[in-house]
Amino acid sequence: MMGLFLRRMWRVVAVLALATQHSAGKTLKYHISEEQKVGTVIARLKDDVADVLAKLPSSVPLRFRAMQRGSSSFLTVREQDGEISIRSKIDREKLCEKNLNCSIQFDVLTLPTEHLQLFHIEVEVLDINDNAPQFARAVIPIEISESAAVGARIPLDSATDPDVGENSLYTYALEASNFFKVEVQSRSDGVKYAELVVLRELDRELRSSYELQYSAYDRGVPPRTGSTLLKISVTDSNDNSPVFEKSSYVINLPEDATVGTLLIDLNATDADEGKNAKIVYSFSSHVSPKIMETFKINPDSGHITLMRRLDYETIKSYDIDVQAQDMGPNSMPAHCKILVKVVDVNDNKPDISISLMSSQGNGDAAYISEASPLDTFVALVRVEDLDSGLNGEVDCRLHSQGNFKLQRKYENNYMILTNVSLDREKRSEFSLTVVAEDRGIPSLSTVKHFTVHITDENDNPPHFEKGRYEIFKSENNAPGAYLMSISASDPDLDANGQVSYTILENFINESPISTYVNIDPSNGAIYALRTFDREDVSRISFVVQAKDSGKPPCRATPRWS
């Protein structure tokens, strides 16, 4: 007879618990002289904005971060105290050319972002007199007919001086002479030039040439000077010289004028006949290379045409000196001045510069924590338009479906701030679009996109599908027998979502629970450590706790059943 074995059941109850969870801008202005040594300290923001910082909690260690742009790479900002110093040598002439106002501008933020303050920094770069006026030619040849009238004027070469203000070219002078002098004139853009003036009648038979030193001076401290030699040749008389209809013209030319556009049809007349009446037009020998590259004159007709595109934002006007000379012997050229005023058109789209907070090597993405409060700083936006007037006025908009907002700080500078509470587990990234549109007619616009990634915080405890599990097991099992596996999920990332398992210590018949069952901490598999005997213990209850690896970790809150 086969023995009848009564199958007795042993029940294990595991109770699983839920895991527990653990501003306005200010402008600061400084100035430095160009050519200062690398490392020269300009300012220390921690001292200069002490009144603002005093309102922040003293227990928070503040850091300063420069939001660099363009020329701000010449300077560096120390993180711990905001010390601004020179990173690389600054040459004002290379940085700003002849602009009177030359400054390096950038923004500095204080971190952490929950105590963010924004400071706009303007460092004016002052000119030093490190350049002397300079002539392009060491010798300037000039031919003047002996029949030239007293008071006749001949334009002279201009000197160049890249310095500005008092350090720039101020005046010209000529070596003392009874026959010639120079008179200094100013062009429409303020640049000085000189004309040679005949003081008395010339006689080639008495004296056929003159050599005079011609000098240019600035008013720097100390002053600098540059010189060249005028070699004046007196030629035989030519009965009549050409005459322009007008001595000067003003032309308004839109900057979008096409190459080949006719500016003016010059007309000079000569009372002579034959070869002596044949007139040749040309630019005066001293006109700048920029004029020669931009305009062309037809030597026969006097037509001046455009050779290349204009740019109002680069050069706003051109002073052109033209001469007309007949083909007769010893001819005396006539001179005419043409002022070309470039008219601005709306040909520049707005430029958008975005400095992202907490970027991680990707210039098109920002990273902020899901625990960030409302109004957390995300990015600094600057819009610019090189055009003038309404063409250069820019409106800025942000498209973010209401999740972020655009706040204007000063001029064309804006901050992008959070506008809602963030939850990475619901949405891990946002696509933002910044639109800048000028007020020209028709208007021009620029669009820039970037992504905001939401970084994880350990804000979710591990979660079990059930709060109570039951295991039915026959007695007389072998030690080490597999009982069941349990699993908890955690939607957080990386260490914040890595779950480990432990059995909370308690006692069964005065014996530790750890002598009855064991759990694999990595996968939640539960094993028997001894042979169960229903007559000894018919029911065992214990609690499994799930804990993630975040800092601080989220743990279970035990519930006994």
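What counts as what
Residue numbers run consecutively from 1 along every chain, following the written order of its sequence. With pLDDT at 70 or above as the cut-off, local features in this predicted model cover only qualifying residues; side-chain atom pairs require 80 or more to be listed or tallied, and sums for whole chains, interfaces and linings still use all residues. Hydrogen atoms and water are omitted, and side-chain values are computed over all heavy atoms in the structure. UniProt positions are given in the numbering used here, feature names are shortened, and annotations may be inferred rather than shown by experiment. Any two cysteine sulfur atoms lying within 2.5 Å of each other are counted as a disulfide. When a residue's accessible area, from a 1.4 Å probe over protein chains only, is under 20% of the maximum for its type it is buried; when over 50% it is exposed; and in between it is partly exposed. Put simply, DSSP H or I for four residues or longer makes a helix, DSSP E for two residues or longer makes a strand, and each gets a number counted from the N terminus. Between any two strands, at least two bridges found by DSSP are needed for them to pair. Throughout, the edges of the domains are those of an automatic or database domain assignment. Note on aromatic pairs: the rings of Phe, Tyr and Trp (six-membered ring only in Trp) are paired at centre separations within 6.5 Å, and the planes decide the class, stacked below 30 degrees, edge-to-face beyond 60, tilted for the rest. Throughout this description, the term salt bridge denotes a Lys or Arg side-chain nitrogen within 4 Å of a carboxyl oxygen of Asp or Glu. Should any heavy atoms of two residues lie within 4.5 Å, those residues are counted as being in contact. Only the contacting stretch of a helix is used when fitting its axis, a line to C-alpha atoms as for every element, and angles between N-to-C directions run 0 to 180 degrees. Along the chain, pLDDT gives the predictor's confidence residue by residue, from 0 to 100. Grouping into patches uses exposed residues only, defined as over 30% relative accessible area, and leaves out salt-bridged ones; the cut-off is 9 Å for like charges and 5 Å for nonpolar side chains (Val, Leu, Ile, Met, Phe, Trp, Tyr). Per-residue and other accessible areas were derived by the Shrake-Rupley procedure at a 1.4 Å probe size, with only the shown protein chains allowed to occlude residues. Residues scored as positive are Lys and Arg, those scored as negative are Asp and Glu, and His as well as the terminal groups of each chain are ignored. To locate a charge, the coordinates of NZ of Lys, CZ of Arg, CG of Asp or CD of Glu are taken.

If you check an unreviewed UniProt entry, the protein appears there as Protocadherin-18 from Oryzias melastigma. Heading Subcellular location (unreviewed entry) of the UniProt record for the protein holds this comment: "Cell membrane".

Our focus in this paragraph is the state of the cysteines. Summed over the entire model, instances satisfying the criterion amount to one disulfide. Paired by a disulfide, C96 and C102 hold their sulfur atoms 2.0 Å apart. Taking the torsion about the S-S bond as the criterion, the C96 to C102 disulfide, at about 70°, is right-handed. According to the relative accessible area criterion, C102 is buried, its value standing at 1%.

With that settled, consider the pairing of strand 26 (residues 365–369). One face of the sheet, then the other: side chains in a regular strand alternate in exactly this way. Of all the five residues making up strand 26, five are buried; the element is thus mostly covered by neighbouring parts of the structure. The alternating pattern of strand 26 places A365, Y367 and S369 on one face and A366 and I368 on the opposite face, and all of these are buried. Alignment of strand 26 against strand 32 (residues 445–455), held across five bridges, turns out to be parallel. Looking at strand 32, one finds that I368 is bridged to I454.

In this section: the UniProt feature "domain: Cadherin" (unreviewed entry) in the protein. Feature annotation in UniProt places "domain: Cadherin" (unreviewed entry) on residues 24–135, 136–244, 245–352, 368–464 and 465–553, given in this structure's numbering. Split by type, residues 368–464 is 0% helix and 54% strand. Its first and last C-alpha atoms lie 29 Å apart. Span residues 465–553 is 4% helix and 44% strand, its end C-alpha atoms 20 Å apart.

With that settled, the discussion passes to the domain arrangement of the protein. Interfaces are often described in size by the accessible area the parts lose on coming together. For the protein, the assigned domains are domain 1 (21–126), domain 2 (139–235), domain 3 (243–343), domain 4 (351–455) and domain 5 (463–556). Relative placement of domain 4 and domain 5: their C-alpha centres are 50 Å apart.

Looking now at the packing of aromatic side chains. Considering all chains together, one arrives at 10 aromatic pairs under this definition. Note on F180 and Y210: the rings are 5.2 Å apart at their centroids and 80° apart in plane angle, and the pair reads as edge-to-face. Here F180, found in strand 12 (residues 180–186), pairs with Y210, found in strand 14 (residues 209–218); they are 30 residues apart in sequence, far enough to count as distant. Pair check on accessibility: F180 and Y210 agree, each one buried.

Opposite charge on two side chains lets them pair, provided their charged atoms get close. All chains considered together, the criterion is met by 23 salt bridges. With a closest N to O distance of 2.9 Å, R137 and D157 form a salt bridge. Of the two residues, R137 sits in the loop between strand 8 (118–126) and strand 9 (139–145) while D157 sits in the loop between strand 10 (153–155) and strand 11 (169–174), which places them 20 residues apart along the sequence. For R137, a relative accessible area of 29% corresponds to the partly exposed category. Exposure remark for D157: the relative accessible area of 7% places this residue in the buried category. The salt bridge involving R424 is made with E425; its shortest N-O contact spans 3.0 Å. Residue class for E425 comes out partly exposed when judged on its relative accessible area of 26%.

Position of I232 among the secondary structure elements: in strand 15 (residues 225–235). For I232, the contacting residues outside a window of four places in its chain are I142, I144, F180, L196, S208, S209, Y210 and L212.

Okay, the sheet that holds strand 9 next. Strand-to-strand pairing in sheets goes through backbone hydrogen bonds, with the strands running parallel or antiparallel. Spatially, four strands are ordered 9-15-14-11 in an open sheet, and the strand pairing comes out mixed. Two strands in the sheet have a free side with no partner beyond their single neighbour: strand 9 and strand 11. Taking the axes of each pair of neighbouring strands and ignoring which way they run, one obtains an average angle of 25° across the sheet. Sheet topology note: the strand 11/strand 14 ladder contains five bridges and is antiparallel.

Strand order in the open sheet made by the four strands is 17-24-23-20, with mixed pairing throughout. The open sheet has two edge strands with one neighbour each: strand 17 (248–254) and strand 20 (279–283). Each strand axis lies, on average, 25° off the axis of its neighbour in the sheet, ignoring direction. Alignment of strand 17 against strand 24 (residues 334–343), held across seven bridges, turns out to be parallel. Looking across to strand 24, one finds that V250 is bridged to L339.

Within strand 23 (residues 317–326), nine of the 10 residues are buried, leaving the element largely enclosed by the surrounding structure. Pairing geometry for strand 20 and strand 23, over five bridges, is antiparallel. Looking at strand 23, one finds that V280 is bridged to Q325. Here strand 23 pairs with strand 24 via eight bridges, running antiparallel.

The next thing to look at is the confidence of the model for the protein. Overall, the predicted model of the protein reaches an average pLDDT of 87, with 91% of residues at or above 70. Segment residues 1–22: pLDDT under 50, and 87 contacts once partners within four positions in sequence are set aside and those in other chains are kept.

Turning our attention to a negative patch on the surface. Residues E201, D203, E205 and D236 make up a contiguous surface patch of negative charge. As for its position among the elements, D203 is in the loop between strand 13 (192–198) and strand 14.

Our focus in this paragraph is unusual backbone geometry. Negative phi is the rule for most residues except glycine; trans is the rule for most peptide bonds. Residue P112 follows L111 across a cis peptide bond; omega there is 5°. Mapped onto the secondary structure, P112 falls in the loop between strand 7 (103–111) and strand 8. In the segment running from I441 into P442, the intervening peptide bond is cis, with an omega of -5°. Among the secondary structure elements, P442 is positioned in the loop between strand 31 (429–438) and strand 32. At E97, a position not held by glycine, the phi torsion is positive, near 55°.

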